[in-house]
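Coordinate analysis (summary)
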Amino acid sequence: MKITDVEAIYLRLPEIQQRTDSSQDALLVKVSTDAGITGWGEVDGCPAVARAVIEAGYSHTQVNGLRAILLGEDPLATARLWNKMYASTLYYGRSGAAIQAMAGVDIALWDIKGKALGKPVVELLGGALRDRMRVYSSNMFQFSVEDTVARARQAIDTGHTGVKFGWEPFGRDEAMDLRYVEAIRRAIGDDNDFMLDVGLAWDAKTTIRRARLFEPYRLFWIEEPLHPDDYAGYGKVSRSCLQHIAAGEQECTVVGFERLIDEGGIDIVQIDLTRCGFTQAMRIAAYAQRRGRKVCNHNFTTDINTAASLHFLCAIENALVMEYCVEPSEISQRLAKQPVTIRDGYAHLPEGPGLGVEPNDEVIAKYLVR
Ligand code: MG
């Protein structure tokens, strides 16, 4: 079997809000083969840049586009092709946009491998340790406490046992932050988990102070309080408070995660499959396990990410809980022909070969950016 095409498909809502909400657009990757098998992947990065990384032509041995690198290759050779893409993008790659684009391709290659062998991706990753993952409802903070509380209640009413709120307007004012945290805990009751995503708003000492202030509200974790470059700050926080700290969505390399774990001392390692790919995610999860850390996914995009996250988390021993984005974007909510089943607070592994989800042509046609 040979790769015959690698396409980047850019979807975007007609109205984009000025928010840290990546469910508003999507970059799908479609890899075609001469056997008629098609694989799908996704990139949660800058869609236009990821598309350029895929479509770029040959410049020299260390500067090439992913499509040009992959044409004619055997799609089953996932690790070899990861290394080939890495080596052939070295001058402009190594981290960030190029690696994220490679992640989208990597997911599509694993989808092809599963379809070719008639097995779900989880089986190729070593076999399913479980067939479902507990999810938490992942939400943006709303711009009033009342609207945020309504979201929290809706999460519990729809069967979720964990709820996360993140990003603006949270993190800018201590009294306001306390109002949000108190109100959410009251709304979800004592028996459900409450994850707080600070969205990079604090420095290390503010984080330590807030973690103490919020102790009565029993946060499941505090996520990304600091700028992702501040590994030393994460280390200071981890040594100074008992609160579990989660981070990782800004990282897309094994090296970056090793630094966050060892220098930053974080407790919960959040891996976005659409920024790392299966090939790297399995290496990062194994490293995290050796260091005694739990692993979660990061997912604020479509059901391709949801399905990829689910196969990954069901294949690793140190999986903790799964992020499930509930933002109302039609790209996020309606892309899959058969969405991943979320029932009673769990995501259930799709049964078909590969990822087990296929995009809906109508949704692609409606939101396609040409
Ligand atoms: Mg986050």
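Remember, predicted model here, so these are calculated numbers, not experimental data. (Residues numbered from 1 in each chain as written. Predicted model: local features only at pLDDT ≥ 70, side-chain atom pairs only at ≥ 80, totals over all residues. Heavy atoms only, no water.)

**Regarding the nonpolar core**
Note the threshold: Here the nonpolar core consists of buried residues drawn from Ala, Val, Leu, Ile, Met, Phe, Trp, Tyr and Cys, with membership extended through side-chain atoms lying within 4.5 Å. Think of it in three bands: residues with accessible area under 20% of the maximum for their type are buried, residues over 50% are exposed, and the middle band is partly exposed, with areas taken using a 1.4 Å probe on protein chains only. Secondary structure counts use DSSP, requiring at least four H or I residues in a row for a helix and at least two E residues in a row for a strand, with both numbered from the N terminus. Domain start and stop points were drawn from an automatic or database domain assignment.
Residues Leu196, Phe278 and Phe312 are the most contacted members of the largest nonpolar core, which totals 111 residues. Looking at this core, the element that brings in the most residues is helix 4 (residues 97–117), giving ten residues. When residues of this core are assigned to domains, at least three fall in each of domain 1 (3–118) and domain 2 (124–367). If you look at the next biggest cluster of nonpolar residues, it comprises seven residues, including Tyr136, Met195, Trp221 and Cys296.

**Structural notes on the domain arrangement of the protein**
Our working rule: Contacts were defined at the residue level, with two residues in contact if any of their heavy atoms lie within 4.5 Å. Note: buried area is the sum, over both parts, of the accessible area (probe 1.4 Å) each one loses when the two are combined. Any carboxyl oxygen of Asp or Glu within 4 Å of a side-chain nitrogen of Lys or Arg constitutes a salt bridge here.
Segmentation of the protein into domains returns domain 1 (3–118) and domain 2 (124–367). For domain 1 versus domain 2, the separation of C-alpha centres amounts to 24 Å. With 38 residues of domain 1 in contact, the opposing surface of domain 2 contributes 41 residues. At the boundary of domain 1 with domain 2, total buried surface from both sides reaches about 3200 Å², with 64% on carbon and sulfur atoms. In terms of surface lost to domain 2, no three residues of domain 1 exceed Arg19, Asp44 and Trp110, which account for 20% of the buried area on that side. The interface formed by domain 1 and domain 2 holds two salt bridges in total. Close ionic contact of Lys115 with Glu358 constitutes a salt bridge, the shortest N to O distance being 2.7 Å. Listing elements by their share of the side of domain 1 that touches domain 2, those giving two or more residues are strand 1 (3–12), strand 2 (25–33), strand 3 (38–43), helix 3 (78–87) and helix 4.

**Focus on the state of the cysteines**
Rules: For this text, the term disulfide refers to a pair of cysteine sulfurs within 2.5 Å.
A complete count under the given rule lists zero disulfides for this structure. Just so you know, Cys252 is unpaired, no disulfide at all, and the nearest cysteine sulfur is the one on Cys276, 6.2 Å from it. According to the relative accessible area criterion, Cys252 is buried, its value standing at 2%. The exposure class assigned to Cys276 is buried, which follows from its relative accessible area of 0%.

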